[in-house]
Structure formats: C-alpha cells, structure tokens
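One-letter residues, chain by chain:
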Amino acid sequence: MDHNRDIFDGMVLFCAVVDQTSFSAAAKLLGHTPSHVSKEIQRLETRLGTRLLNRTTRRISLTEAGQIYYDNARRLVEDAGAVQDRLHALGDRPFGELRMSVPVIFAQSCLHHWLPEFLERYPEVSLQIDISERRADLVGEAIDLAVRIGTLPESDLIARELFRTPGVMIASPAYLAHHGTPQVPEDLAGHSLIDFSFHQTTQHWDFYLPDGGTTRVPVSPRVRCNAAETEKMLALLGVGITRLPELACREELAQGRLVSLLQDYQRPPSGVHVLYPSKENMPSKTRAMIDFLVEKSRQR
C-alpha cells in the first residue's frame, strides 16, 4: 500500500510541476518546499529508470518519455480527483451497496416488514442480504454488518443490542396429547427433544426457577440442527419439544398451533444484536442501517 501511495504521490507532484512549469510554483501549490519537490521528482525518475524532465536554470521541458508519462499520469490524477469530488458531493448521504447477514428468524419477523421504509428513506443504497443461520465472517467476506440472536462468541466485532426476546419451550398440541405435558424441567428426560446446534453440542438446558434460582437439566436431544425454522417445523409436525426465541414462533403460539410449556420455569431471554467490524471511518450506509435497526427495534 505504501509503495502504491508513493507512486500516486509522485504522479501528482510530477503533473503539478509540468502544469506550473516550475518546481517552486508546484511546491507552493501543494504546500511543499521546492527542494522536496525536486527530490521527489528525482526519486520518481530513478524508480522509472528514465529521465522525465529536461532542466535548465530558467525552464523545464518534457522529455519524450516524460510526455508519455504525463499524458497517462494526468488522466489518472484527474480520475482520482473526480472520485474525491463525487464523495465530497455526497457528504454524509448514505450510498452504495450494503452487505448484511441476518438469521431467518429476524428476517421473517422483523426485517421483511422494515426494509421497504429503509429503501424509501435511502434511495442511493442497495442491499445484498444473506439470510441464513450460518455465522458469516464479516471481515473475510467484506460484510458490512450482521444480526445475531443469542449468546455471542468472543470476537473483535462491535456488538450493539437491539432488543431482547424471551425464550420459550414449545410443542404441538398433538404431541402433548400423545406424550403428556411436562410439569417441571426434570420431566423433559422422558420426551423427544429438538435442539439448535451450531459448531457446538449442548448437553444441558438452563431454566430460571420460580424462587429466583436456576437449574440445569441434562438433555440428549433426538434431533439437533442449525436452523431455527427446522426446529419450529419439526415441533409443528409433532416430532417433539424444542426451545426457541419467542420472536420465532409468536404467530404459531397465538394461533394455538404451538403450546408454550413450563411457563413457571422461564428460559433466559435471548439478546438480538447488530454486529459490525469497527466504528472508525464507518461508511454512511452502514451507520444508516444500524441507526435504522435501533430505531425500529425501539418502536417494537
């Protein structure tokens, strides 16, 4: 990167010298000393292995190689200037393609309803959204931000909590009619369980007790998967009991297609977070989406 910057800085200095027909005038224009400009032009010629300028005590002129270099360097410098002017014109207005990764639960329950307003508010932003349960590598995949539900692994990413969603234990009425309804967490030992698993396998489920304490129940699920939608579908089909963020099954609970179990033994709520690599020099499109998600989450 430093080498590329040296090359471009040399182009800028060289073009200024040619345009101003003077080392001293170019130095004044760019805020350097004449000796610095002269030294940098010599470095440029050494790097290119050819003389670019003929120098006399009174004037400078381009060599044949210098004319070729100037014609091409001038175009690059002008293009770079045009890009910079474009960015300055945009100012803090969000623009460009925003890449984000969100879980299916969040997309279906929140994002699908919110996006039209975001797109109307920021017409110069386009979106590329990966909707899946996979833990995308934000830095490695050049993803601007991600939404994650539940416990976050240790990382260098910045996390901002949007809201919290209660955890619920659920099963279908048909399953409960056939296998009975657990009354205390320990009753789960005799049931078919469905669990979420992503790179790690849980051997227990935690509950808050009515007296304020906690209990940990050993589990051996019949099905483990890394998709909350699959967990919910299996529960709806009567395969067994699972636990999900209430956000994932609110509609099915309201319709009576799923039943909430062990309501006196609540699960710890799950945090819904937006993650992003850094606050430093954050693109306006990323800041706009983060602020938008925070705004909509507060309105919930």
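Before reading on, note that the structure itself is shown above.
Residues numbered from 1 in each chain as written. Predicted model: local features only at pLDDT ≥ 70, side-chain atom pairs only at ≥ 80, totals over all residues. Heavy atoms only, no water.

Draft legend 1. Representation of the pairing of strand 4 (residues 125-131) within the structure. Sheet topology note: the strand 3 (residues 96-102)/strand 4 ladder contains seven bridges and is parallel. Bridging across to strand 4, Arg 99 finds its partner in Gln 128. (Pairing = 2+ DSSP bridges. Helix = DSSP H or I, 4+ residues; strand = E, 2+ residues; numbered from the N terminus.)

Draft legend 2. The pattern of salt bridges, seen in detail. A full pass over the atoms with the stated rule returns 17 salt bridges. We note a salt bridge from Asp 206 to Arg 216, for which the minimum N-O separation is 2.8 Å. In this pair, Asp 206 sits in strand 8 (residues 204-208) while Arg 216 sits in strand 9 (residues 214-218), placing the two residues ten residues apart along the sequence. A relative accessible area of 53% means that Arg 216 is categorised as exposed. (Salt bridge = Lys/Arg side-chain N within 4 Å of Asp/Glu carboxyl O. Buried < 20%, exposed > 50% of the residue type's maximum accessible area, 1.4 Å probe, protein only.)

Draft legend 3. Expanded view of helix 5 (residues 104-121). Helix length check: helix 5 (18 residues) gives 24 Å between terminal C-alpha atoms against 26 Å at 1.5 Å per residue, within 8%. For helix 5, the principal kink sits at Leu 111 and spans about 55°. Among the residues making up helix 5, those that are buried are Val 104, Ile 105, Phe 106, Ala 107, Cys 110, Leu 111, Trp 114, Leu 115 and Phe 118. (Expected span 1.5 Å × (residues − 1). Bend = angle between axes of the 7 residues up to and from the residue.)

By themselves, these figures tell us nothing about what the structure is for.
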